[in-house]
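Residues per chain, in single letters:
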Amino acid sequence: MGGKIVFEGLSKKGDKIIIRYPAKDDASLMCEYINNLSSEKTFVRFQGEKVSLKSETKYLNSQLKRINKNKTVQLFVLHNNKIIGIAAVDMKDKTESHEGVFGLSVARECRGEGIGSLLMKLTIEESIKNMSSLKIITLGVFGNNTLAMEMYRKLGFTEYGRLPKGSLHRDEYVDHVYMYKNVR
């Protein structure tokens, strides 16, 4: 699957985008992307920390192995050979081996262009196609990220719980909202 393209087209703004699986040489692009998100302190788990190229290379290699074993689907959105979005569904194991955990992020300059919802739809489609044990997709979202929660609801996700003050976002504790979607 390394580097396999699943979409080529235009964003709402008219920018040419490619959505594809990761390739073995993507670690430096991934590192740049996650460090930009982290420094922004957006709605992601990284809140200012720096990720090293070494750790990102290790993560990429483990994800490529999981992709080959149909244990994860990960897609990148690229514009001008730069990652502008990443999404994944990672399968759990043992008693939860039917559950995939979804994650999504889009670069600040590309938000509001429909890239997130397109990436999410394609990631879920690829997950259903490639991971036969997948029955349910879960996700967690910062309670103050109302735009993301609205998008998730539009794509069929339902809230099933909240952990009050479960996430630290920009030095403030906010609820962590849990959502799910049955896919089979």
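Scroll up a little and you will see the structure.
Residues numbered from 1 in each chain as written. Predicted model: local features only at pLDDT ≥ 70, side-chain atom pairs only at ≥ 80, totals over all residues. Heavy atoms only, no water.

1. Section: helix H4 (residues 146-154)
Here's step 1: The complete set of buried residues in H4 reads Ala-148, Met-149, Met-151 and Tyr-152. Looking straight down H4, one finds that the buried residues subtend no more than 160° of arc, so they occupy a single side. Of the residues in H4, the exposed ones pointing more than 90 degrees away from the buried face are Thr-146, Leu-147 and Lys-154.
Here's step 2: Packing partners of the buried residues in H4 comprise strand S5 (99-106), helix H3 (115-130), strand S6 (136-142), strand S7 (158-169) and strand S8 (172-182).
Here's step 3: Once H4 finishes, Gly-156 follows within two positions and takes phi at roughly 95°, a positive value. (Buried < 20%, exposed > 50% of the residue type's maximum accessible area, 1.4 Å probe, protein only. Helix = DSSP H or I, 4+ residues; strand = E, 2+ residues; numbered from the N terminus. Arc of directions from axis to C-beta. Contact = heavy atoms within 4.5 Å.)

2. Some words on the side chain of Ser-105
Here's step 1: Note that Ser-105 resides in strand S5.
Here's step 2: Separated by 2.7 Å, the side chains of Ser-105 and Tyr-33 make a polar contact. (Polar contact = N/O pair within 3.5 Å; in protein donor to acceptor, adjacent residues only side chain to side chain.)

3. As for unusual backbone geometry
Here's step 1: Look at Asn-80: it is not a glycine, yet its phi comes out positive at around 55°.
Here's step 2: Tracing the backbone shows Asn-80 in the loop between strand S3 (72-79) and strand S4 (82-91).
Here's step 3: Even without glycine at this site, Arg-170 takes up a positive phi of about 50°.
Here's step 4: For Arg-170, the location among the structural elements is in the loop between S7 and S8.

4. Things to note about the sheet that holds S8
Here's step 1: Read across the sheet, eight strands follow the order S1-S2-S3-S4-S5-S6-S8-S7 without closing on themselves; strand pairing throughout is mixed. Pairing within the sheet leaves two strands with one partner each, and these edge strands are strand S1 (5-10) and S7. Ignoring which end each strand starts from, the neighbouring axes of this sheet average 20° apart.
Here's step 2: As defined by bridge partners, S1 adjoins strand S2 (residues 16-20) across five bridges and the pair is classed as antiparallel. (Pairing = 2+ DSSP bridges. Axes fitted to C-alpha atoms, helices over the stretch in contact; angles between N-to-C directions.)

5. Some remarks on a nonpolar patch on the surface
Here's step 1: Together, Tyr-160, Leu-163 and Tyr-178 make up an exposed nonpolar region whose accessible area comes to about 290 Å².
Here's step 2: With respect to the helices and strands, Tyr-178 occurs in strand S8.
Here's step 3: The class for Tyr-178 is partly exposed, based on a relative accessible area of 30%. (Patch = residues over 30% accessible without salt bridge, like charges linked within 9 Å, V, L, I, M, F, W, Y side chains within 5 Å. Areas by Shrake-Rupley, 256 points an atom, 1.4 Å probe, with all protein chains shown as cover. Salt bridge = Lys/Arg side-chain N within 4 Å of Asp/Glu carboxyl O.)

6. Describing helix H2 (residues 53-68)
Here's step 1: Spanning 16 residues, H2 covers 22 Å between terminal C-alpha atoms, matching the ideal 22 Å at 1.5 Å per step.
Here's step 2: Note on H2: the residue one or two positions beyond its end, Asn-70, has a positive phi of about 55°. (Expected span 1.5 Å × (residues − 1).)

7. A few points about the side chain of Ser-11
Here's step 1: Along the chain, the position of Ser-11 falls in the loop between S1 and S2.
Here's step 2: Ser-11 sits in the buried class, given a relative accessible area of 8%.
Here's step 3: Dropping the residues within four chain positions of it, Ser-11 is found in contact with Ile-17, Glu-113 and Ile-115.

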